[in-house]
Amino acid sequence: MKNSIQNPRKPQQINDPTPLAVKEEVRQMFDNIAPRYDFLNHFLSMGIDRIWRRRVYKIMKRHPHQQILDVASGTGDMAILASKLKPEAIFGIDISKEMLNEQHKKLKAKNLDKLIKLKVADGEDIPFEANSFDIITTAFGVRNFENLDLGLSEMHRVLKNGGITIILEFSKPTKTPVKQLYQFYFKNILPFLGSKISKNSHAYTYLPESVGHFPTGEAFTEHLKNAGFRNTTSHPLTFGIASIYTGQK
Ligand SMILES: C[S@@+](CC[C@H](N)C(=O)[O-])C[C@H]1O[C@@H](n2cnc3c(N)ncnc32)[C@H](O)[C@@H]1O
């Protein structure tokens with residue numbers, strides 16, 4: 001595939017005698033931080049992630065939304081928000097069983113476990129038939145894919161004709177002084193606080209590393225186009241710290 005982007009991180013960790021495949025490493029990392037993920041997410045983003053997900057929700061509202069797939073669904077904040085649209089069905093897939101377990105507890109408590117169905121599955125090999133969904137969402141998920149282009153073409157495959165994929169992902173602010181402040185926070189404060197609270201020293205150094213290598217803005221929409229999406233858009237949020245990308249089939 002053209003311009004295929006592979007996750008650039010090295011799977012092998014220092015002092016780790018057994019090198020893991022990148023995907024397995026990512027899965028283990030999320031399994032590990034799952035019980036503390038929600039707290040860390042809202043704390044380290046100072047709650048802004050909630051505002052960003054609501055922006056995704058507003059886009060969803062404007063499109064047919066009976067069948068929804070949330071890829072890299074994790075602890076489910078995006079899928080739970082999507083339930084307010086009263087769709088026929090929502091499916092959440094993720095490679096981390098522990099992240100989905102955390103989501104399942106939330107769904108039970110909110111009585112949403114009948115509407116939102118969870119499946120341990122890979123976003124790069126989606127276990128649904130072609131043309132199944134009106135909307136596909138993924139929030140802070142695609143950056144973790146081993147092969148971004150494979151994941152995007154899978155999303156395109158399972159989307160109905162006319163359906164929309166909405167991707168929320170970290171991006172890189174380009175303007176001074178936000179760029180410098182962001183880099184300082186992301187490279188110094190976030191890994192320090194993240195490792196103290198999550199007790200996983202790798203998880204929050206991984207975050208800035210993975211964002212640093214990841215395509216932003218037009219570079220990202222090029223990947224959407226290569227996967228077959230049309231009418232692609234890119235909307236920077238909060239000085240470009242995150243972006244929402246959309247593409248239709
Ligand atoms: C940063 S969390 C985001 C979770 C959730 N979407 C949210 O907004 O909070 C990233 C999630 O992507 C999942 N993930 C990583 N690679 C994946 C893949 N190839 N297929 C499915 N899920 C994946 C991880 O297990 C993790 O739950």
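As shown above, the structure is provided for reference.
Residues numbered from 1 in each chain as written. Predicted model: local features only at pLDDT ≥ 70, side-chain atom pairs only at ≥ 80, totals over all residues.

**Student:** Describe the overall build of the chain, and please don't skip the residues or the numbers.
**Tutor:** Counting its regular elements, the chain contains eight helices and seven strands. Among the 249 residues that make up the chain, the fraction classed as buried is 39%. By sequence separation, contacts in the chain at least 24 residues apart represent 69% of the contacts at least 6 residues apart. (Helix = DSSP H or I, 4+ residues; strand = E, 2+ residues; numbered from the N terminus. Buried ≥ 20, exposed ≤ 12 C-beta atoms within 10 Å, placed from the backbone. Contact = placed C-beta atoms within 7 Å.)

**Student:** Pulling in residues and values, what's your account of the packing of helix 5 (residues 148-158) against helix 8 (residues 218-226)?
**Tutor:** Two numbers describe how helix 5 lies on helix 8: the axes approach to 9 Å, and their chain directions differ by 55°. The angle between helix 5 and helix 8 falls in the class oblique. In this structure, the crossing between helix 5 and helix 8 has a hand that is right-handed. Along its contact with helix 5, which presents Leu148, Asp149 and Leu152, the element helix 8 presents His223, Leu224 and Asn226. Partitioning the contact of helix 5 with helix 8 into residue classes produces three nonpolar, two polar and one charged. (Axes fitted to C-alpha atoms, helices over the stretch in contact; angles between N-to-C directions. Parallel < 35°, antiparallel > 145°, perpendicular 65-115°, else oblique. Left-handed = near helix turned anticlockwise from the far one by under 90°. Nonpolar A, V, L, I, M, F, W, Y, C, P; charged D, E, K, R; others polar.)

**Student:** Describe the site of the ligand, listing the residues and the values that go with them.
**Tutor:** Taken together, 24 residues lie around the ligand, and Ala72, Gly74, Ser96, Gly123 and Ala139 are the ones closest in. Sorting the residues of the shell around the ligand by element identifies helix 1 (22-44), helix 3 (77-82) and strand 2 (89-94) as the ones contributing at least two each. In terms of residue count, the dominant contributor to the shell around the ligand is helix 1 (five residues). Partitioning the shell around the ligand into residue classes produces 10 nonpolar, eight polar and six charged. (Near = placed C-beta within 6 Å.)

**Student:** Could you give an account of helix 1, naming the residues involved and the relevant values?
**Tutor:** Taking 1.5 Å of rise per residue, 23 residues should cover 33 Å, yet helix 1 covers just 25 Å from first to last C-alpha, more than 12% shy of that figure. Remark: the principal bend of helix 1, roughly 75°, maps to Ala34, with a proline, Pro35, within the next four residues. Regarding helix 1, the residues found buried are Glu25, Val26, Arg27, Phe30, Ile33, Ala34, Tyr37 and Leu44. Count one or two residues on from helix 1 and you reach Met46, which has phi positive near 55°. (Expected span 1.5 Å × (residues − 1). Bend = angle between axes of the 7 residues up to and from the residue.)

**Student:** Provide a residue-level description of the pairing of strand 4 (residues 133-139), including the pertinent values.
**Tutor:** The element strand 4 is extensively covered by neighbouring structure, given that six of its seven residues are classed as buried. Relative to strand 5 (residues 159-170), strand 4 runs parallel, the two sharing six bridges. Across the sheet, the residue bridging to Ile135 is Ile164, located in strand 5. Read from strand 4 through helix 5 to strand 5, the crossover connection turns out right-handed. (Pairing = 2+ DSSP bridges. Right-handed = clockwise from strand over helix to strand, strands pointing away.)

**Student:** Break down the sheet that holds strand 2 for me, citing the residues and quoting the values.
**Tutor:** A sheet is described by the order of its strands in space; here seven strands give the open sequence 3-2-1-4-5-7-6, paired in mixed fashion. Only two strands of the sheet have a single partner each, and these edge strands are strand 3 (116-120) and strand 6 (230-237). Strand-to-strand twist of the sheet, defined as the mean angle between neighbouring strand axes without regard to direction, takes the value 15°. Bridging between strand 2 and strand 3 involves five bridges; their strand directions are parallel. Each residue of the ladder has a partner; that of Ile90, found in strand 3, is Ile116. Where helix 8 meets the sheet, it contacts strand 6 and strand 7 (242-248), and its direction lies at approximately 155° from that of strand 6.

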